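# Descriptive structure summary
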Amino acid sequence: MQENIDKSLGFSTKMMLGLVSVLVVLVFTVLGLIINEKPSYSANSPDSLLVKKFQLPDSNFTHLWEAPADWRLARLNKDQRDLINYGKDLIANTAEYLGPNGTVSHISNGMNCQNCHLNAGTKAWGNNYFAVASTYPKFRARSGRLESKEKRINDCFERSLNGKPLDSTSKEMRAIVAYMDWIGSDVEKKHTPKGTGIFKLKLLQRAADPTKGAEIYTQKCQSCHQADGQGVLAEGGKKFTYPPLWGKNSYNDGAGLYRMSNLAGYVKYNMPLGVTYQNTQLSDEEAWDVAAYINSQIRPHKDLSHDWPKIADKPFDHPFGPYSDPFSELQHKYGPFKAIKDWKKKRN
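Residues numbered from 1 in each chain as written. Predicted model: local features only at pLDDT ≥ 70, side-chain atom pairs only at ≥ 80, totals over all residues. Heavy atoms only, no water.

Throughout the structure, instances matching the rule amount to 18 salt bridges. Between Lys-78 and Asp-82 there is a salt bridge, with its nearest N and O atoms 2.6 Å apart. You can see Lys-78 and its partner Asp-82 sitting in helix α2 (residues 78–92), 4 residues apart, about one turn around the helix. By relative accessible area, Asp-82 is classed as partly exposed at 37%. Between Glu-158 and Lys-302 there is a salt bridge, with the nearest N and O atoms lying 3.8 Å from each other. Here Glu-158 is found in helix α6 (residues 149–158), whereas its partner Lys-302 is found in the loop between α11 (284–294) and α12 (329–334), with 144 residues between them in sequence. (Salt bridge = Lys/Arg side-chain N within 4 Å of Asp/Glu carboxyl O. Helix = DSSP H or I, 4+ residues; strand = E, 2+ residues; numbered from the N terminus. Buried < 20%, exposed > 50% of the residue type's maximum accessible area, 1.4 Å probe, protein only.)

See the structure below:
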């Protein structure tokens with residue numbers, strides 16, 4: 001009898017092991033089907049919203065350069081630290097020192113360098129200073145000559161701040177240069193690190209539209225910059241909490257942001273306030289259109305007669321003639337730009 005029991009138990013055990021094996025095979029088969037299954041939903045089907053497809057991150061926005069950490073200043077001697085910190089303060093609070101009511105001089109319009117060069121020139125794609133130390137002095141087609149850092153800085157004073165040049169031997173100029181050198185202290189010479197300056201948006205197939213831009217401005221911009229574009233003065237009246245985007249206190253028509261491609265890229269990845277390249281609010285088209293609206297408004301004029309001594313070097317979106325191509329000033333300002341770029345490419 002014991003022998004029969006043992007045989008029965010052995011048979012049961014084998015049966016159980018067999019069932020377990022079958023179940024394991026079935027489980028792995030089902031998992032394989034789930035993992036490898038390709039969704040058959042159409043792109044417009046409501047069910048397609050349930051399927052989240054993995055997308056690789058845009059390589060343009062990965063591994064961007066960063067400015068040196070503040071704690072590293074402790075490695076420098078006190079005089080170097082003080083000069084760099086003064087330079088940073090001049091960038092962040094330019095008007096307090098050099099504005100219409102400045103404590104050092106009165107050579108600018110009341111805006112701060114930081115209004116255009118965000119986070120004191122350290123924000124990725126925020127018109128930063130990452131490549132200043134590594135690329136200057138350099139030849140610039142706009143002036144037609146080799147430019148020093150001091151010359152480039154004074155370009156900003158005369159254009160973006162619609163003011164007068166800073167004495168190149170002054171403590172203020174030395175401090176600003178020292179700060180920019182510090183920002184780019186880790187950058188290899190002649191190298192432009194990823195995330196430098198302003199991101200260049202893909203060109204529109206049409207002209208940028210100021211009328212559409214006005215609607216976007218009302219929705220997204222005027223709460224800070226005001227309906228009249230004149231910004232908001234800070235308490236004390238020395239600088240702006242929110243800078244003017246046009247009018248007598250804004251950048252003039254010789255500034256870099258007066259070029260549509262620069263302003264569109266700047267707006268896309270930095271505005272409204274708080275936006276970053278990881279978290280934008282405006283579409284590319286909206287950024288182009290609001291840039292067109294802003295740069296359609298009245299602003300100070302600068303004598304540009306000495307700019308671009310070689311006419312053929314003018315950028316596709318430089319809005320003032322004469323040109324070496326057959327396109328109008330209107331198209332050079334608002335686009336569409338592809339035809340202009342294609343024309344230039346064929347002849348270069």
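This paragraph deals with unusual backbone geometry. With omega at 0 degrees, the peptide bond leading from Met-271 into Pro-272 counts as cis. Cis geometry marks the peptide bond from Gly-321 to Pro-322, where omega comes out at 5 degrees. Here Pro-322 is to be found in the loop between α11 and α12. Residue Ala-120 is not a glycine yet carries a positive backbone phi of 55 degrees.

Mapped onto the fold, Thr-241 is located in strand β4 (residues 240–242). Along the sequence, Thr-241 and His-225 sit 16 residues apart, while their C-alpha atoms lie 9.3 Å from each other. Not counting the four nearest positions on each side in its chain, Thr-241 is found in contact with Val-232, Leu-233 and Ala-234. (Contact = heavy atoms within 4.5 Å.)

Here the focus is the side chain of His-318. Take His-318: it is sitting in the loop between α11 and α12. Aside from chain neighbours lying at most four places away, what touches His-318 is Trp-308, Tyr-323 and His-332.

Moving on to the packing of aromatic side chains. Evaluated as defined, the whole model comprises 13 aromatic pairs. Note on Phe-61 and Trp-125: the rings are 6.2 Å apart at their centroids and 75 degrees apart in plane angle, and the pair reads as edge-to-face. Here the residue Phe-61 occupies a position in the loop between α1 (2–36) and α2, and Trp-125 occupies one in the loop between α4 (118–121) and α5 (132–135), the gap between them amounting to 64 residues. Taking the relative accessible area as the measure of exposure, Trp-125 reaches 9% and is therefore buried. Ring centres of Tyr-86 and Tyr-97 lie 5.6 Å apart, and the angle between their planes is 80 degrees; this geometry places the pair in the edge-to-face category. Here Tyr-86 is found in helix α2, whereas its partner Tyr-97 is found in helix α3 (residues 94–98), with 11 residues between them in sequence. Exposure class is identical for Tyr-86 and Tyr-97. Each is buried. The positively charged end of Lys-171 is found above the aromatic ring belonging to Tyr-86, 5.1 Å away from the centroid. Just above the ring of Tyr-323 sits the side chain of Lys-314; from NZ or CZ to the centre is 5.4 Å. (Phe/Tyr/Trp six-rings, centres within 6.5 Å; stacked < 30°, edge-to-face > 60°. Lys NZ or Arg CZ within 6 Å of the ring centre and 35° of its normal.)

Looking at the secondary structure, you find Asn-109 in the loop between α3 and α4. Within polar-contact distance, the side chain of Asn-109 engages the backbone oxygen of Asn-249 at 3.1 Å. Discounting chain neighbours no more than four positions away, the residues touching Asn-109 are Pro-100, Ser-160, Leu-161, Asn-162, Phe-240, Asn-249, Ser-250 and Tyr-251. (Polar contact = N/O pair within 3.5 Å; in protein donor to acceptor, adjacent residues only side chain to side chain.)

A few words on the packing of α6 against helix α7 (residues 171–183). One way to put it is that α6 packs onto α7 with a least axis distance of 11 Å and a crossing angle of 110 degrees. Judged by the inter-axis angle, α6 sits roughly perpendicular to α7. Residues Lys-149, Glu-150, Ile-153, Asn-154 and Phe-157 of α6 touch α7, and the partners they reach there are Met-173, Ile-176, Val-177, Met-180 and Asp-181. (Axes fitted to C-alpha atoms, helices over the stretch in contact; angles between N-to-C directions. Parallel < 35°, antiparallel > 145°, perpendicular 65-115°, else oblique.)

Any two packed helices are characterised by how steeply their axes cross, that is the angle between the axes, and by the distance between the axes. Direction vectors running N to C along helix α8 (residues 210–220) and α11 enclose 100 degrees, while the axes themselves pass 7 Å from each other. Comparing the axis directions of α8 and α11 gives the class roughly perpendicular. Each of Pro-210, Lys-212, Gly-213, Ala-214, Ile-216 and Tyr-217 in α8 lies in contact with α11, whose residues at this interface are Glu-286, Asp-289, Val-290, Ala-292, Tyr-293 and Ile-294. Its residues assigned to classes, the contact of α8 with α11 comprises 8 nonpolar, 1 polar and 3 charged. (Nonpolar A, V, L, I, M, F, W, Y, C, P; charged D, E, K, R; others polar.)

Moving on, we come to α11. Buried residues dominate α11, accounting for 8 of its 11 residues. What α11 keeps buried is the set Ala-287, Trp-288, Asp-289, Val-290, Ala-291, Ala-292, Tyr-293 and Ile-294.

These values are about where atoms sit, not about what they do.
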